[in-house]
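The residues making up each chain are set out below.
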Amino acid sequence: MKRLQDKVAVITGGGSGIGAATAALFAQEGARVMVVGRNEEKLRKTVQAINQEHVSYTVADVSQVEDTQRYLREAVERHGGLDILVSNAGIQGEFRPISDIPVESFDSVMAINVRGTWLAIKYAFPELQKRGGGSIILTSSAGGLGGMGISSPYVTSKHAVVGLARAAAIDGAPHRIRVNAVCPGPVDNDMMTNVERTLGAGNEAAIREWVAGRVPLKRFASNEEVARLNLFLASDDSSYCTGGAYPVDGGWSSSLP
Ligand SMILES: NC(=O)c1ccc[n+]([C@@H]2O[C@H](COP(=O)([O-])OP(=O)(O)OC[C@H]3O[C@@H](n4cnc5c(N)ncnc54)[C@H](OP(=O)(O)O)[C@@H]3O)[C@@H](O)[C@H]2O)c1
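Here is what the cut-offs are and how they apply
Residues numbered from 1 in each chain as written. Predicted model: local features only at pLDDT ≥ 70, side-chain atom pairs only at ≥ 80, totals over all residues. Heavy atoms only, no water. Domains from an automatic or database assignment. Buried area = accessible area lost by both parts, 1.4 Å probe. Salt bridge = Lys/Arg side-chain N within 4 Å of Asp/Glu carboxyl O. Polar contact = N/O pair within 3.5 Å; in protein donor to acceptor, adjacent residues only side chain to side chain. Buried < 20%, exposed > 50% of the residue type's maximum accessible area, 1.4 Å probe, protein only. Helix = DSSP H or I, 4+ residues; strand = E, 2+ residues; numbered from the N terminus. Pairing = 2+ DSSP bridges. Phe/Tyr/Trp six-rings, centres within 6.5 Å; stacked < 30°, edge-to-face > 60°. Lys NZ or Arg CZ within 6 Å of the ring centre and 35° of its normal. Core = buried A, V, L, I, M, F, W, Y, C linked by side-chain atoms within 4.5 Å. Contact = heavy atoms within 4.5 Å. Near = heavy atom within 4 Å. Areas by Shrake-Rupley, 256 points an atom, 1.4 Å probe, with all protein chains shown as cover.

A. Structural detail: the domain arrangement of the protein chain. Splitting the protein chain by domain gives domain 1 (8–185 + 222–248) and domain 2 (186–220). For the pair domain 1 and domain 2, the two sides together bury roughly 860 Å², of which 63% comes from carbon and sulfur. Applying the counting criterion to the domain 1 and domain 2 interface returns 1 salt bridge. Among the ionic pairs, Glu225 bridges to Arg219, the shortest N-O distance being 2.8 Å. Counting across the interface, domain 1 meets domain 2 through 3 residue pairs in polar contact (both at pLDDT 80 or more).

B. Looking closely at the pairing of strand 6 (residues 177–184). The element strand 6 is largely enclosed, with a buried count of 8 among its 8 residues. Of the two faces of strand 6, the one lined by Ile177, Val179, Ala181 and Cys183 and the one lined by Arg178, Asn180, Val182 and Pro184 are each fully buried. Two strands pair when backbone bridges link them, and strand 5 (residues 134–139) and strand 6 are joined in this way by 6 bridges, in the parallel orientation. From the neighbouring strand, Ile136 faces strand 6, where its bridge partner is Val179.

C. Examining the packing of aromatic side chains more closely. One pass over the structure, following the stated rule, counts 0 aromatic pairs. Cation over ring: Arg214 sits above Trp252, and NZ or CZ is 5.0 Å from the ring centre.

D. Spatial organisation of the nonpolar core. The biggest cluster of nonpolar side chains holds 30 residues, and the ones touching the most others in it are Leu4, Ile11, Phe26, Val33, Val35 and Ile84. Those elements giving two or more residues to this core turn out to be strand 1 (8–12), helix 1 (17–28), strand 2 (32–37), helix 2 (40–50), strand 4 (84–87) and helix 8 (223–234). Beyond its immediate sequence surroundings of up to four residues, Val33 is in contact with Ala9, Ile11, Ala23, Phe26, Ala27, His54, Val55, Ser56 and His79. Core analysis: the next-biggest nonpolar cluster, separate from the first, contains 27 residues, Leu85, Leu138, Ala168 and Ala169 among them.

E. Local environment of the site of the ligand. By nearness alone, 28 residues border the ligand, and Ser16, Arg38, Asn39, Lys42 and Tyr154 come closest of all. One of the backbone nitrogen or oxygen atoms of Asn39 is found 2.7 Å away from an oxygen atom of the ligand. Here an oxygen atom of the ligand and a side-chain polar atom of Lys42 are 2.7 Å apart. Its free accessible area being 870 Å², the ligand has 94% of it covered by the protein chains. Elements supplying a minimum of two residues to the shell around the ligand: helix 1, helix 5 (152–172) and helix 6 (190–199).

Spelled out as structure tokens, the structure:
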């Protein structure tokens, strides 16, 4: 028996990286999956690569109320309900000391990473209740468990995501809705490539080596290593886990100063 047989899962940020790997793994485990993002081309590629019936996409901006209501409604209409939400869409924001970051830049990180996550939970709850419960997984970060310099909007937003998992887990418990956060360290994908380019244009390899050197396991995670934690939290294997914040970071958060 597959671990997510006939479950319906919505995955935001599913056009790339962790979200795309999670969509592929969930589909392999029998789930009906809808991926959500702003870039249609990326979403189409994710769906084509999985190449399975009952895997689809919709274009939406997770920071918008109407878009959130619509993508959840579309999932329910296409698949008859909702069992799993992976609220994973996120942006990095600017790398600068706090005094040099424009207010608008802080606001845009909070709008996507925090408001978008809160909206997804708010509007997913009634649908999960109709199914007698379900699992919500929020992508936070190792930066949601400890401080990092020149990343104040991102670190603030990812701490808020951990808080949201804890608060929503308590609201969800009477309805058998579990809510957990995953906290990846550096992952080998587009987001980290952009970070390397931003922090050290022309010197990306040195930046990468420096970041990997701070991880006790001395390497980045793959998208699939994070997806496997998402699968555990989505499935009944984690039936007694709620309100948790789970590092998948090669030991990074346990070694933060
Ligand atoms: N990569 C890392 O090292 C790392 C480490 C810790 C945590 N994380 C977190 O992991 C999550 C997934 O990121 P990733 O690593 O897989 O990098 P990624 O490839 O950049 O994925 C981020 C995804 O979020 C989507 N997104 C951004 N803003 C959106 C919006 N307003 N509405 C809808 N979708 C939006 C993007 O899709 P569109 O371009 O289509 O909008 C993209 O597919 C993020 O929350 C990130 O903060 C990443």
